[in-house]
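Chain residues, written in single-letter form:
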Protein chains: 2
Amino acid sequence: MAERFEIVEKALGKMLEEKKYAALRDILLVMNPSDIAALFSDLEEQRLPLLFRLLPKELAAESFVEMEPDAQEVLIRSFSDNELKEIVDELYVDDAADLVEEMPANVVKRILKQADPEMRRSINQILRYPEYSAGSIMTTEYVSLRPKMTVEEAILRIRRQGVDKETIYTCYVTAPDRKLLGLVSVKDLLLATDDETLIEDIMLTNLIYVNTQTDQEEVAKMLSKYNFLALPVVDGEERMVGIVTFDDAMDVIEEETTEDIELMGGMLPSEKTYLKSTAFDLFKNRIPWLMLLMVSSTFTGLIITSFEGALAAQVALTAFIPMLMGTGGNSGSQSSVTVIRALSLDELRFADIWRVIWKELRTSVLCGVALALVCFVKIWLIDRMLMGNEDITLMVNAVVCLALAVTVVIAKIVGGVLPLAAKALGADPAVMASPFITTIVDAVSLLVYFLFAKALLGV
Amino acid sequence: MAERFEIVEKALGKMLEEKKYAALRDILLVMNPSDIAALFSDLEEQRLPLLFRLLPKELAAESFVEMEPDAQEVLIRSFSDNELKEIVDELYVDDAADLVEEMPANVVKRILKQADPEMRRSINQILRYPEYSAGSIMTTEYVSLRPKMTVEEAILRIRRQGVDKETIYTCYVTAPDRKLLGLVSVKDLLLATDDETLIEDIMLTNLIYVNTQTDQEEVAKMLSKYNFLALPVVDGEERMVGIVTFDDAMDVIEEETTEDIELMGGMLPSEKTYLKSTAFDLFKNRIPWLMLLMVSSTFTGLIITSFEGALAAQVALTAFIPMLMGTGGNSGSQSSVTVIRALSLDELRFADIWRVIWKELRTSVLCGVALALVCFVKIWLIDRMLMGNEDITLMVNAVVCLALAVTVVIAKIVGGVLPLAAKALGADPAVMASPFITTIVDAVSLLVYFLFAKALLGV
């Protein structure tokens, strides 16, 4: 796919240079809006308006929605008021609201001026909901039916109203006060054997819905879990105000996963893609955790300083510090990453903490013993016999391997428990991933190491 | 949500104990199949068949599909042949194929015996495709239309055939030899102004489809990118053989993300959820990378050993080893995690490697300089003045901070480049995450540290 796309990109660039506009238009006409948007995002800015004007109205609007905000801004600035109005009229309300959120104030003013009054009201309504809530990602355009309609009347209503609705396949049955009573799918309507059947007799009343304040991640998870095309959104009085569709849910899941992964990697989540981020953006997202962890490693320094005597007496001990800390850190991050992912898929709850501890305890004993045995043999064969390091006595080897096994056990239990604790305290468990765990485990592994050294080597 | 669910769970458990079956049935009737499945998966095995038999046929089948394989197996073993046939008849072909793949051989035999011949043929067809291919996750049940049908005839055909199809909302127009000619949505059919319009006049011919061999991750990304309800799957001769629906795509994305996260955490990907995995399962997935990284840290040990003299001459140097390695590791994993995520979202290609290097270079210089400055002040104020460690001279401090800055720059560039290199070599970039990067950066940071110490301190 990617390669094919690059070939198209090159061909179009060439045609644009040679001003073969008619041929260009023919190619664009058979392309999908998402692909047109991706193509346009790679273009030089001054070419964008020219190429965009080749598109017919509907395709133009559909492609516009899929574009990156900076390309959208370039285009809007090049539009006449009339051109802008044509695009805005074609937008679904939730897309228009997204656009208004992304654009600078003077562009927003122009957009709202061109929107018809009802659209303007809906946009403002959506923008009033808190960021990342169901209200802020919903669309207010859905098909609503009344319980006393017949199947035939319902289908007629869909045919009359459907053009402007984001999905027509799930229709919502509401009372005159907009209270949500039930839902009926177009499949049910089409497969109904009798056109005179009343909607209230075939509608599903076992409803699953969310509130305008529900977190968008929760909404996305519900859509994914129940395999729905759309989920109704109600206000505080249980009146229907909009729907969230599955495609928005897929975008939310992608965003939230990226955020989790960024947090796990010890960064602040970013709004921009990697290539769109400047070096300074990346710096701002990365430096806080680096700084915090760097400063907190003062503790590991202190531990080493306070055992300076032991290290001087047994110089061989220093060589194994990186291995101990590294293996401890990896063991801990394995557990924390696993638990974080299970939490974000709702496979784990805080109440499972004892099961997690018990599972990590057994796993870590298995890992610790296996690692210690291999480490013992490796040190003896490679470091002692092959490299001929006579400082490494049997006792030194035993200290290293015992410390390794104990560190792995502690690291895995800490790694498993911390994300659960974060969740219970209302923090994002993803923050408790490798960088954080590593810093704790570094200190723990050194302490364990020196305590064993003191006890067994008497240093 | 989760809390509400636990309350329902407790109430149902109690009613089951008190044998209030009629009331139980009433509650189950208003529940969603996904919730029933989740509930049943938590039940004791011997209660499962009893409770399952309370469900009406269709709800029973829908709930069955959503259950975990072990619960499904318990149920199938408790079914009579007749009961099994009733469930199998209600399944969609792709769900039936999944079931056959999960169950042990003797259960599979019983399932295939109860499936009607056409279903059996379809299941076998799907199972022949490679694992993780479009063919293996598609369903063969879709609505097909002919180009010369009128809108009215098409709607009639949907009403007649639709019951057994997983989605009716996108219909595929095929030639008699099953070549895919176009597609038409139910929305287009319903909104067509004239019932006599021919399908070929309104169908979309600008088709996006995949091959049976296409990787499931690619399929899921396309569905997500284009916001389609379903994607047609064709065979080597471009004949239509099935569709993949958006809900399957959401499951695939979830699976593939979990796999990426597991690889990034230094584990082999697992098929089971955390709570379903035994300690030995977890051990098997975690020990290979731990072992590999532990053994490869022999290098860091060798570096330290070969600079033993320098460490003995300047004992203060040892105390900063964990801070240097830790900060280097964190810097590198920030970059690698960012690049890995951008690669898996198709935001980056190998051709962008120079842009990545340039961006990481500037970011890392910013981070390196900031960290070095803060570190210098911190060491002077805390380690030297507050702790009174007289071994830390200005020169030692300079060595530590210079090594820190250089390590951060190298770590970030290595972290950014390695995932791209893995991708170019056809390996999974996610393998190049923190644990791997950390091991490389550990060695690099020590080398840089000791080289600066040699040059500036003359040790």
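Residues numbered from 1 in each chain as written. Chains lettered and ligands numbered in written order. Predicted model: local features only at pLDDT ≥ 70, side-chain atom pairs only at ≥ 80, totals over all residues. Heavy atoms only, no water.

(A) Focus on the overall build of chain A. What chain A contains, in helices and strands, is 23 helices and six strands. In summary, chain A has a C-alpha radius of gyration of 30 Å against a globular reference of 23 Å for 459 residues, an excess of more than 25%. Each principal axis of the C-alpha atoms in chain A carries an extent, and together these give about 90 × 60 × 40 Å. Buried positions account for 55% of the 459 residues belonging to chain A. Here the contacts in chain A between residues at least 6 apart in sequence split such that 67% fall between residues at least 24 apart. Accessible surface for chain A amounts to roughly 19,700 Å². Of this, 58% is attributable to carbon and sulfur atoms. Across chain A, the mean location of the 43 positive side-chain charges is 1 Å away from that of the 68 negative side-chain charges. (Helix = DSSP H or I, 4+ residues; strand = E, 2+ residues; numbered from the N terminus. Rg over C-alpha atoms; globule rule 2.2 N^0.38 Å. Buried < 20%, exposed > 50% of the residue type's maximum accessible area, 1.4 Å probe, protein only. Contact = heavy atoms within 4.5 Å. Areas by Shrake-Rupley, 256 points an atom, 1.4 Å probe, with all protein chains shown as cover. Lys, Arg positive; Asp, Glu negative; His and termini not counted. Charge placed at Lys NZ, Arg CZ, Asp CG, Glu CD.)

(B) Summary view of the pattern of salt bridges. Applying the stated rule across the entire model yields 36 salt bridges over all chains. Taking the shortest distance from any N to any O, the salt bridge between Asp235 of chain B and Arg239 of chain B comes out at 3.0 Å. Classification of Arg239 of chain B by relative accessible area gives partly exposed; the value is 28%. Each of Asp235, Glu237 and Arg239 of chain A takes part in salt bridges that share partners, so that together they form one network. (Salt bridge = Lys/Arg side-chain N within 4 Å of Asp/Glu carboxyl O.)

(C) Quick look at the packing of helix H7 (residues 81–90) of chain B against helix H9 (residues 105–114) of chain B. Residues and elements named next belong to chain B. Contact pair H7 / H9: the axes reach a minimum separation of 9 Å and the direction vectors enclose 70 degrees. Classified by the interaxial angle, the pair formed by H7 and H9 is roughly perpendicular. Where H7 abuts H9, its residues Asp81, Leu84, Lys85, Val88 and Asp89 lie against Arg110, Ile111, Lys113 and Gln114. Of the residues in the contact of H7 with H9, the class split is three nonpolar, one polar and five charged. (Axes fitted to C-alpha atoms, helices over the stretch in contact; angles between N-to-C directions. Parallel < 35°, antiparallel > 145°, perpendicular 65-115°, else oblique. Nonpolar A, V, L, I, M, F, W, Y, C, P; charged D, E, K, R; others polar.)

(D) Spotlight on the sheet that holds strand E2 (residues 170–174) of chain B. Across the sheet, which stays open at both edges, the three strands sit in the order E1-E2-E3 (chain B) with mixed pairing between neighbours. The strands lining the two open edges of the sheet, one partner per strand, are strand E1 (144–145) and strand E3 (180–185) of chain B. (Pairing = 2+ DSSP bridges.)

(E) View of the sheet that holds strand E4 (residues 210–211) of chain A. Residue and element names in this part refer to chain A. An order of E4-E5-E6 is seen for the three strands of this open sheet, with the pairing classed as mixed. This sheet does not close on itself; its edge strands, each paired only once, are E4 and strand E6 (240–245). Inspection of the sheet shows E4 paired to strand E5 (residues 230–234) by two bridges, in the parallel sense. When the bridges of E5 are listed, Asn211 appears paired with Val234. Against the sheet, helix H15 (residues 216–226) engages E4, E5 and E6, with an angle of about 140 degrees to E5.

(F) Structural context of the environment of Ser34 of chain A. Tracing the chain through its elements places Ser34 of chain A in helix H3 (residues 33–41). Judged by relative accessible area, which is 8%, Ser34 of chain A ranks as buried. It is 9.1 Å that separates the C-alpha atoms of Ser34 of chain A and Phe64 of chain A, two residues lying 30 residues apart in sequence. Leave out the neighbours within four places in its chain, and Ser34 of chain A touches Glu66 of chain A together with Lys225 and Tyr226 of chain B.

(G) Main features of helix H5 (residues 57–66) of chain A. For H5 of chain A, the complete set of buried residues consists of Leu59, Ala60, Ala61, Ser63 and Phe64 of chain A. Summarising the contacts, the buried residues of H5 of chain A are in contact with helix H2 (21–29), H3, helix H4 (48–52), helix H6 (69–78), helix H7 (81–90) and helix H8 (93–102) of chain A.

(H) Geometry of the relation of the copies chain B and chain A. Taken as rigid bodies, chain B and chain A are interconverted by a rotation of 180 degrees and an axial shift of 0.1 Å, the fit giving an RMSD of 0.1 Å. Between the two chains, the operation in question is that of a two-fold axis. Counting the interface residues of chain B, we find that 99% of their copies in chain A are interface residues as well, pointing to one common contact surface. (Least-squares fit on C-alpha atoms with pLDDT ≥ 70 in both.)

(I) Here's a closer look at the pairing of strand E3 (residues 180–185) of chain A. All names here are of chain A. When you tally the buried positions in E3, you get five out of six residues, the bulk of the element. The pairing of strand E2 (residues 170–174) with E3 spans five bridges and is antiparallel. Paired with Cys171 across the strands is Val184, a residue of E3. With antiparallel pairing between neighbouring strands as the criterion, E2 and E3 make up a hairpin whose turn holds five residues, including Arg178 at a positive phi of roughly 70 degrees.

(J) Expanded view of the interface of chain B and chain A. Chain B puts 121 residues into the contact, and the matching count from chain A is 120 residues. Carbon and sulfur atoms make up 65% of the area that chain B and chain A hide from each other, which totals about 10,600 Å². Our count for the chain B to chain A interface comes out at six salt bridges. Residue Arg286 of chain B pairs with Glu360 of chain A through a salt bridge whose shortest N-O separation is 2.8 Å. The interface formed by chain B and chain A includes 37 residue pairs in polar contact (both at pLDDT 80 or more). For the side of chain B that touches chain A, the element with the highest residue contribution is helix H21 (residues 353–386) of chain B, accounting for 15 residues. (Buried area = accessible area lost by both parts, 1.4 Å probe. Polar contact = N/O pair within 3.5 Å; in protein donor to acceptor, adjacent residues only side chain to side chain.)

(K) Quick peek at the pairing of E2 of chain A. All names here are of chain A. Most of E2 sits inside the fold, with five of its five residues counted as buried. By the alternation rule, side chains of E2 split into Thr170, Tyr172 and Thr174 and Cys171 and Val173, which are all buried. This β-α-β element, strand E1 (residues 144–145) to helix H12 (residues 151–161) to E2, shows right-handed connectivity. (Right-handed = clockwise from strand over helix to strand, strands pointing away.)

(L) Representation of the packing of helix H22 (residues 394–424) of chain A against helix H23 (residues 434–457) of chain A in the model. All names here are of chain A. The N-to-C vectors of H22 and H23 enclose an angle of 150 degrees; their axes lie 8 Å apart at closest approach. Here the hand of the crossing between H22 and H23 comes out right-handed. Among the residues making up the contact of H22 with H23, the classes are represented as 22 nonpolar, three polar and no charged. (Left-handed = near helix turned anticlockwise from the far one by under 90°.)

(M) Structural detail: the environment of Lys165 of chain B. Note on placement: Lys165 of chain B falls in the loop between helix H12 (151–161) and E2. Owing to a relative accessible area of 16%, Lys165 of chain B belongs among the buried residues under this scheme. For the pair Lys165 of chain B and Val448 of chain B, spaced 283 residues apart in sequence, the C-alpha to C-alpha distance is 64 Å. In this view, Lys165 of chain B contacts Lys187 of chain A together with Tyr92, Glu141, Tyr142 and Val143 of chain B; residues no more than four positions away in its chain are not counted.

(N) Structural view of the confidence of the model for chain A. Averaged over all residues, the pLDDT of chain A is 87; the fraction at 70 or higher stands at 98%. Averaged over each element, pLDDT in chain A is lowest for helix H1 (residues 2–17) of chain A (69) and highest for H22 of chain A (94). (pLDDT = per-residue confidence, 0-100.)

(O) Broad picture of the packing of aromatic side chains. Applying the stated criterion to the full structure yields 22 aromatic pairs over all chains. Relative to Tyr169 of chain B, the ring of Tyr169 of chain A has its centre 3.9 Å away and its plane inclined at 10 degrees; by these criteria the two rings are stacked. Linking Tyr169 of chain A in the loop between H12 and E2 with Tyr169 of chain B in the loop between H12 and E2, this pair reaches from one chain into another. Assigned by exposure class, Tyr169 of chain A and Tyr169 of chain B land together as buried. On the basis of an interplanar angle of 85 degrees and a centroid distance of 6.0 Å, the ring pair of Trp289 of chain A and Phe436 of chain A is categorised as edge-to-face. With a gap of 147 residues between them, Trp289 of chain A in helix H17 (residues 279–296) and Phe436 of chain A in helix H23 connect regions that are remote in the sequence. Judged by relative accessible area, Phe436 of chain A falls into the partly exposed class, the value being 25%. Here the aromatic residues Phe40, Phe52, Phe64 and Phe79 of chain A are joined through ring pairs into a cluster of three or more. (Phe/Tyr/Trp six-rings, centres within 6.5 Å; stacked < 30°, edge-to-face > 60°.)

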